[in-house]
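Observations on the model geometry
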Amino acid sequence: MQIIETVSSMHEWSERERREGRRIALVPTMGFLHEGHLSLVRDAKKRAHQVVVSIFVNPTQFGPGEDFSGYPRDFERDRGLLEKEQIDVLFHPAVEAMYPDGAETYVEVENLSLPLCGAVRPGHFRGVATAVTKLFNIVRPHVAIFGEKDYQQLQVIRKMVRDLSMDIEIAGHPIVRESDGLAMSSRNAYLTADERRAAVCLSRSLCRGERLLRRGETSAEAILSVVDAELAKEPLANVEYVKLCDPETLIDIKTIHHSALLALAVRFGKARLIDNRVLIRH
Ligand code: AMP
């Protein structure tokens, strides 16, 4: 596994691989890797000859007062995990390499960035879209893999690739969970033991909502109220939002006709956790 830190070396590597006809997959991450990330990496290996994993904690997707400086980092551990997965390149740029002095160009996917996490984290998806565009321009992958845990992010990237005619396949990967149902996340490291036990209410409340739809209830109000009630049982949970929306446009819906995205964000102490499930009406 090669570690590349500069844009020019990454360009050179990618140019050579492409010239030789090899297909490149990219898995963008912010590091502090867990089984969720590694599952994306294994997926990437099946889709291409060469796998690049980027580790970059992107400052432009954090708002003022968010956890950019405290975001968990452990480069040596991440490097060891990726060595074991036998990837080809670990791309690990410095902030200055990604954002040279005077950078003032951003990518914004207007409407998809507004609801859900975008409503509570203004500018977040502009930062994500800009950093991902840059990673695409630097690594020049044929395919990039993103987790469905960050469902809105995946939709924003899909839309961006379509709108800007980027020649890159975007693959979504299912949410990887702990054995009790908690979606894996680097931010789970923030949880105290009590908060960790409490955090299982996220996936449990999604299951409650799904079960209600399976029993024939299609009203968003009814489904959201059982999800809210399940979360309300947990005193350590501070709910930021619970939404039922169209899985493509992310606009709120009143009734489930075919499918819907049930998405939520909940704070436990200093951890802000998200989870979601696509509900299908049979
Ligand atoms: P992050 O390092 O949190 O920015 O995540 C990097 C990539 O891994 C993103 O595409 C995430 O959606 C994905 N990811 C993170 N956690 C999970 C998980 N539990 N299951 C599936 N994908 C995940």
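Residues numbered from 1 in each chain as written. Predicted model: local features only at pLDDT ≥ 70, side-chain atom pairs only at ≥ 80, totals over all residues. Heavy atoms only, no water.

**Here we look at the packing of helix α1 (residues 7–19) against helix α6 (residues 124–139)**
How two helices sit against one another is set out by the angle between their axes and by the gap between those axes. To keep things clear, this is the line we draw: Axis lines are fitted through C-alpha atoms, for helices just across the contact stretch, and the angle between N-to-C directions can take any value from 0 to 180 degrees. Secondary structure elements are taken from DSSP: a helix is a run of H or I of four residues or more, a strand is a run of E of two residues or more, and numbering for both begins at the N terminus. The labels follow the angle: roughly parallel below 35 degrees, roughly antiparallel above 145, roughly perpendicular from 65 to 115, and oblique for the rest. When checking whether two residues touch, look at their non-hydrogen atoms; a contact exists if any pair is within 4.5 Å. Gly falls in the polar group here, along with every residue not listed as nonpolar (Ala, Val, Leu, Ile, Met, Phe, Trp, Tyr, Cys, Pro) or charged (Asp, Glu, Lys, Arg).
Remark: α1 packs on α6, axes separated minimally by 7 Å, with the N-to-C direction vectors making an angle of 55°. With respect to their mutual orientation, α1 and α6 come out oblique. Packed against α1, whose contacting residues are Val-7, Met-10, His-11 and Ser-14, the element α6 presents Asn-137, Ile-138 and Val-139 at the interface. Partitioning the contact of α1 with α6 into residue classes produces four nonpolar, three polar and no charged.

**Description of empty space enclosed by the protein**
The test is simple: Using a 1 Å grid laid over the protein atoms alone, points where a 1.4 Å probe fits but cannot get out form a cavity; open sets with protein on both sides within 12 Å along at least 5 of 7 lines form a pocket; any residue with an atom within 4 Å of a point counts as lining. Grid points are joined across faces, edges and corners, and a volume is the space filled by probe spheres set on the points.
Tallying each qualifying case throughout the model produces one cavity of 30 Å³ or more. In this structure, the largest cavity encloses a volume near 30 Å³. Forming the boundary of the largest cavity are Lys-149, Leu-182, Ala-183, Ser-185, Asn-188, Leu-202, Leu-273 and Ile-274. A class-by-class count of the residues in the lining of the largest cavity yields five nonpolar, two polar and one charged.

**A closer look at the sheet that holds strand β1 (residues 2–4)**
Strands pair in a sheet through their backbones, by hydrogen bonds, and they do so in one of two ways: parallel or antiparallel. Test applied: When DSSP locates at least two bridges between a pair of strands, those strands are taken to pair.
Ordered by their spatial adjacency, six strands build an open sheet running β1-β4-β3-β2-β5-β6, and the pairing between neighbours is parallel. Whereas interior strands pair on both sides, the edge strands pair on one side only; in this sheet they are β1 and β6 (169–173). Pairwise comparison of adjacent strand axes, ignoring direction, gives a mean angle of 25° for this sheet. On the sheet, α6 packs against β2 (24–29), β3 (50–55), β4 (89–91), β5 (143–147) and β6 and is oriented at approximately 145° with respect to β2.

**Thoughts on the site of the ligand**
Heads up, the condition is: Only heavy atoms are used to decide nearness, and a residue is near a molecule or strand if one of them lies within 4 Å of it. Residues adjacent in sequence count toward polar contacts only when both atoms are side-chain atoms; beyond that, a polar contact is any pair of N or O atoms within 3.5 Å, and within protein one must be able to donate a hydrogen and the other to accept it. Per-residue and other accessible areas were derived by the Shrake-Rupley procedure at a 1.4 Å probe size, with only the shown protein chains allowed to occlude residues.
Close to the ligand lie 16 residues; His-37, Gly-147, Asp-150, Val-176 and Met-184 are nearest. Backbone polar atom of Met-30 to an oxygen atom of the ligand: 2.9 Å apart, as the coordinates give it. Protein contact buries 94% of the 480 Å² of open area that the ligand shows by itself. The set of elements that each furnish at least two residues to the shell around the ligand consists of β2, α2 (35–47) and β5. Within the shell around the ligand, the residues separate by chemical class into nine nonpolar, five polar and two charged.

**Looking at unusual backbone geometry**
Under the convention used in this document: A 1.4 Å probe rolled over the protein chains alone gives each residue an accessible area, and that area as a share of the maximum for its type sets the label: buried under 20%, exposed over 50%, partly exposed in between.
We note that Phe-32 has phi near 50°; this positive angle belongs to a residue other than glycine. Within the secondary structure layout, Phe-32 lies in the loop between β2 and α2. The class of Phe-32 is partly exposed, set by a relative accessible area of 23%. Phi angles above zero are rare outside glycine, and Leu-250 is one such case at about 65°. In this fold, Leu-250 is placed in the loop between β7 (238–245) and β8 (259–268).

**Details of the packing of aromatic side chains**
Going by this rule: Any pair of Phe, Tyr and Trp rings, taking the six-membered ring for Trp, is counted once the centres come within 6.5 Å. Such a pair is stacked with planes under 30 degrees apart, edge-to-face with planes over 60 apart, and tilted for the rest. Only Lys NZ and Arg CZ are tested; either one counts as a charge over a ring when it is within 6 Å of the ring centre and within 35 degrees of the ring normal.
With the rule as written, the count across this model stands at four aromatic pairs. When the centroid spacing of 5.9 Å and the interplanar angle of 75° are considered together, the rings of Phe-62 and Tyr-71 count as edge-to-face. With 6.4 Å between their ring centres and 75° between their planes, Phe-136 and Phe-146 make a pair best called edge-to-face. Of the two residues, Phe-136 is situated in helix α6 and Phe-146 in strand β5; the sequence distance between them amounts to 10 residues. Each of the two residues, Phe-136 as well as Phe-146, counts as buried. For Arg-77, the ring lying beneath its charged end belongs to Phe-32, and the centroid distance is 5.7 Å.

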